[in-house]
Amino acid sequence: DTGLGEKEAEVLVVGSSSACDLFVYQFSPGASTPVGQMLQSLSIVSHKGDELIGCLDINRIAHDALAIAFKNATLLLVIPLALGWSGSGLPLPFVQRFVIEEPVHQLSIMTGKSFHSYGQTLFMYR
């Protein structure tokens, strides 16, 4: 419980080996059946029909975003968790696309906070 009258909501994201198919399930770690119903599924396909091979990472600091970079495409996708998501609606409502200069073989993301500006910054290392 968050103390604000809302229950904390968590999701479990299961991905395919290529990271191009993601399945999002309701997750309640303390429940007798922790994995609940599927809430959302995402399938990432190339407009050219090529098979994409991605590497998936999560923001391990804020636990609020997924990122997928591709080993055979100059593309990076950031998929944020819905702000204030409490179990209703889509947990991952949109994808932000970044075109990059080279394909990526490793990916790591994290959140940093600047004391000179408002908010948080997402850092991506590839």
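Reading the values: rules and limits
- Residues numbered from 1 in each chain as written.
- Predicted model: local features only at pLDDT ≥ 70, side-chain atom pairs only at ≥ 80, totals over all residues.
- Heavy atoms only, no water.
- Pairing = 2+ DSSP bridges.
- Helix = DSSP H or I, 4+ residues; strand = E, 2+ residues; numbered from the N terminus.
- Contact = heavy atoms within 4.5 Å.
- Patch = residues over 30% accessible without salt bridge, like charges linked within 9 Å, V, L, I, M, F, W, Y side chains within 5 Å.
- Areas by Shrake-Rupley, 256 points an atom, 1.4 Å probe, with all protein chains shown as cover.
- Salt bridge = Lys/Arg side-chain N within 4 Å of Asp/Glu carboxyl O.
- Buried < 20%, exposed > 50% of the residue type's maximum accessible area, 1.4 Å probe, protein only.
- Axes fitted to C-alpha atoms, helices over the stretch in contact; angles between N-to-C directions.
- pLDDT = per-residue confidence, 0-100.

Here strand S1 (residues 10-15) runs beside strand S2 (residues 21-27); their pairing, made up of six bridges, is antiparallel. Note on S2: the bridge partner recorded for Glu 10 is Phe 27. The turn linking S1 back onto S2 is made up of five residues, and Ala 19 within it adopts a positive phi angle of 65 degrees.

Structurally, Ser 18 can be placed in the loop between S1 and S2. Excluding its chain neighbours within four sequence positions, the residues that come into contact with Ser 18 are Leu 52, Ile 53 and Gly 54.

Together, Val 14, Phe 23 and Met 38 make up an exposed nonpolar region whose accessible area comes to about 240 Å². Note that Phe 23 resides in strand S2. For Phe 23, a relative accessible area of 31% puts it in the partly exposed group.

With antiparallel pairing, the four strands of this open sheet are ordered in space as S4-S5-S6-S7. Of all the strands in the sheet, the pair left with one neighbour each is strand S4 (54-58) and strand S7 (96-99). Between one strand axis and the next, the sheet turns by 20 degrees as a mean value, whatever way the strands run. Bridge count between strand S5 (residues 65-70) and strand S6 (residues 75-80): five bridges; the pairing is antiparallel.

Attention now goes to the confidence of the model for the protein. Summary statistics for the protein give a mean pLDDT of 84 and a share of 83% for residues scoring 70 or more. Per-residue pLDDT stays below 50 along residues 1-6; that stretch engages in six contacts with residues further than four places along the chain or on separate chains.

Time to look at the pattern of salt bridges. If you walk through the whole model with that rule in mind, you get one salt bridge. For Arg 60, the salt bridge is made with Asp 57, and the minimal N-O distance between the two is 2.5 Å. Residue classification places Arg 60 among the exposed residues on the basis of a relative accessible area of 54%. Residue classification places Asp 57 among the buried residues on the basis of a relative accessible area of 5%.

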